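Remarks on the overall topology
Residues per chain are reported as follows:
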Amino acid sequence: MAKLIDTLELPIREIDASSRLRPVSEVDVLSLMESLEQLGQQAEIHVRRVRHQGNRLVLMAGAHRLEAHRRLGCTSIRAKLWECNDDWAKLTEIDDNLAHANLNPLDLAVFLAERKVVYERQHPETVRGAAGSLAAQGIQTDNLSVRSFVASTAEQSGQSERNIFRLVAAGSALDAESIALLRKAPQRVTLSDLQTLGKCGDATHRRSICEILSRGEAKNAKAALDGLRAGPVKAVLSKTDEHAAKIRDAWNRAGMGARRRFVVEHESILRALLAGLDAEEADES
């Protein structure tokens, strides 16, 4: 599945670090730059050679180290060069972040959801119903392959199974654009926010919640969802506005004869009001 080719210095400009699940943290990059200037590179990055794409070098683990070297003006970086398939490369990226990064709930949800996709692709017998089908056919599998993803990941990460379920549900419900919106939110997205998004069955509402949070227009996802369900808030009218609306409604419903009678009966008042408006316009000019 994976073969270590060599440990060597590679040209930084030739390493493709696009399509990462998580953008680099500015704070972490600056911290690494300081460490590199004082101590030098302490650990290799991990890169794969993709032969079917013209031997392109693609980063698997070490995005912050790579970016820190780039900003310091380095032209090369020490790396472990691998030959592996896409799933192994993706798991390397995910597990490196799960093991070493101080992930916020959003990033943790994204990584766990992606890890579940790869895990189930590698262990199709763990998908709901598949394990029972195999057993019915008399096929025995080893313990690792028949474990549920959640139990396996909880054991490896130290997270409770309950939290893993919540995070995976939220991460699985979010598309790339929604994740990008949540990363822009002025307030940190919490596990509670992610739970609300994961339980929201309406995709339109889910996207709207992400947009609202990205603009800082709600204190949390639940408040955003409650606002969407309540519908547009009606403006509070003053007494004057309410009375004017009633008069306007009655005038619009009245026939021409009724309107003439109203003007005749209230002619003096109407003339006085119009004179007052003319005077205000003259003062403003």
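Residues numbered from 1 in each chain as written. Predicted model: local features only at pLDDT ≥ 70, side-chain atom pairs only at ≥ 80, totals over all residues. Heavy atoms only, no water.

1. Things to note about the overall build of the protein
Helix and strand counts for the protein come out as 15 helices and 5 strands. Each of the 285 residues in the protein was classed as buried or not, and the buried ones make up 31%. Across the protein, every contact between residues at least 6 apart in sequence was considered, and the portion connecting residues at least 24 apart equals 70%. Of the roughly 17,800 Å² of accessible surface on the protein, a fraction of 52% belongs to carbon and sulfur atoms. (Helix = DSSP H or I, 4+ residues; strand = E, 2+ residues; numbered from the N terminus. Buried < 20%, exposed > 50% of the residue type's maximum accessible area, 1.4 Å probe, protein only. Contact = heavy atoms within 4.5 Å. Areas by Shrake-Rupley, 256 points an atom, 1.4 Å probe, with all protein chains shown as cover.)

2. What about the packing of aromatic side chains?
A complete count under the given rule lists 1 aromatic pair for this structure. Taking the centre distance of 4.9 Å and the plane angle of 40 degrees together, the rings of Trp82 and Trp88 count as tilted. (Phe/Tyr/Trp six-rings, centres within 6.5 Å; stacked < 30°, edge-to-face > 60°.)

3. Quick look at the pairing of strand β5 (residues 76-84)
Where strand β1 (residues 2-11) and β5 come together, 9 bridges link them in antiparallel fashion. Along β5, the bridge assignment pairs Ala2 with Cys84. Pairing between strand β3 (residues 45-50) and β5: 4 bridges, direction parallel. Bridged to Arg48 within β5 is Trp82. (Pairing = 2+ DSSP bridges.)

4. Overview of the sheet that holds strand β4 (residues 56-61)
On the basis of which strands lie adjacent, the open sheet formed by 5 strands has the order β1-β5-β3-β4-β2 and mixed pairing. A strand with exactly one partner marks an edge of an open sheet, and here the two such strands are β1 and β2 (15-16). One ladder, built from 5 bridges, connects β3 with β4; its direction is antiparallel. Across the sheet, His46 pairs through a bridge with Ala61, a residue of β4.

5. Let's talk about unusual backbone geometry
Most peptide bonds are trans, and most residues other than glycine sit at a negative phi. For Ser19, which is not glycine, the phi dihedral falls at a positive 60 degrees. Note that Ser19 resides in the loop between β2 and α1 (26-39).

6. Focus: the side chain of His64
As for its position among the elements, His64 is in helix α2 (residues 63-71). Apart from residues lying up to four places away in sequence, His64 is in contact with Arg22, Val24, Ser25, Asp28, Val29 and Leu32.

7. Considerations on the packing of α1 against α2
Where α1 contacts α2, the axes come no closer than 9 Å and their chain directions differ by 65 degrees. Both α1 and α2 take part in a crossing whose hand is right-handed. For the pair α1 and α2, contact is made by Glu26, Asp28, Val29, Leu30, Leu32, Met33 and Leu36 and by His64, Arg65, Glu67, Ala68, His69 and Arg71, respectively. In the contact of α1 with α2, the residues fall into 6 nonpolar, 2 polar and 5 charged. (Axes fitted to C-alpha atoms, helices over the stretch in contact; angles between N-to-C directions. Left-handed = near helix turned anticlockwise from the far one by under 90°. Nonpolar A, V, L, I, M, F, W, Y, C, P; charged D, E, K, R; others polar.)

8. Structural notes on the pattern of salt bridges
Counting across every chain of the model gives 20 salt bridges. Here Glu93 ties to Arg20 by a salt bridge, and the two come within 3.8 Å at their closest N and O atoms. One end of the pair, Glu93, is in helix α3 (residues 86-100); the other, Arg20, is in the loop between β2 and α1, with 73 residues separating them in the sequence. Take Glu93: its relative accessible area is 5%, and that puts it in the buried class. Taking the shortest distance from any N to any O, the salt bridge between Glu67 and Arg70 comes out at 3.0 Å. Of the two residues, Glu67 and Arg70 are both situated in helix α2; the distance of 3 residues between them amounts to about one turn of the helix. (Salt bridge = Lys/Arg side-chain N within 4 Å of Asp/Glu carboxyl O.)

9. Re the nonpolar core
Nonpolar side chains tend to gather and get buried jointly when the protein is soluble and globular. Within the largest apolar cluster, 31 residues are counted, with the highest numbers of intra-cluster contacts made by Leu174, Leu182, Leu194, Leu197 and Ile209. Mapped by element, the contributors of at least two residues to this core are α4 (105-122), α8 (161-173), α9 (176-183), α10 (191-199), α11 (203-214) and α12 (221-230). In terms of residue count, α4 provides more of this core than any other element does, 6 residues in total. Aside from chain neighbours lying at most four places away, what touches Leu182 is Leu106, Leu174, Val189, Leu197, Cys210 and Leu213. In terms of nonpolar packing, the next biggest core, distinct from the first, is built from 12 residues, Ile45, Leu57, Leu59 and Leu66 among them. (Core = buried A, V, L, I, M, F, W, Y, C linked by side-chain atoms within 4.5 Å.)

10. Looking at the environment of Arg229
Structurally, the position occupied by Arg229 is in helix α12. Residue classification places Arg229 among the exposed positions, given a relative accessible area of 59%.

11. Some thoughts on α10
Every buried residue belonging to α10 is among Asp193, Leu194, Thr196 and Leu197, and all of these are buried. For α10, the angular spread of buried residues about the axis comes to 155 degrees, placing them on one side. As for α10, its buried residues are in contact with α4, α8, α9, α11 and α12. (Arc of directions from axis to C-beta.)

Nothing here speaks to function; it is all geometry.
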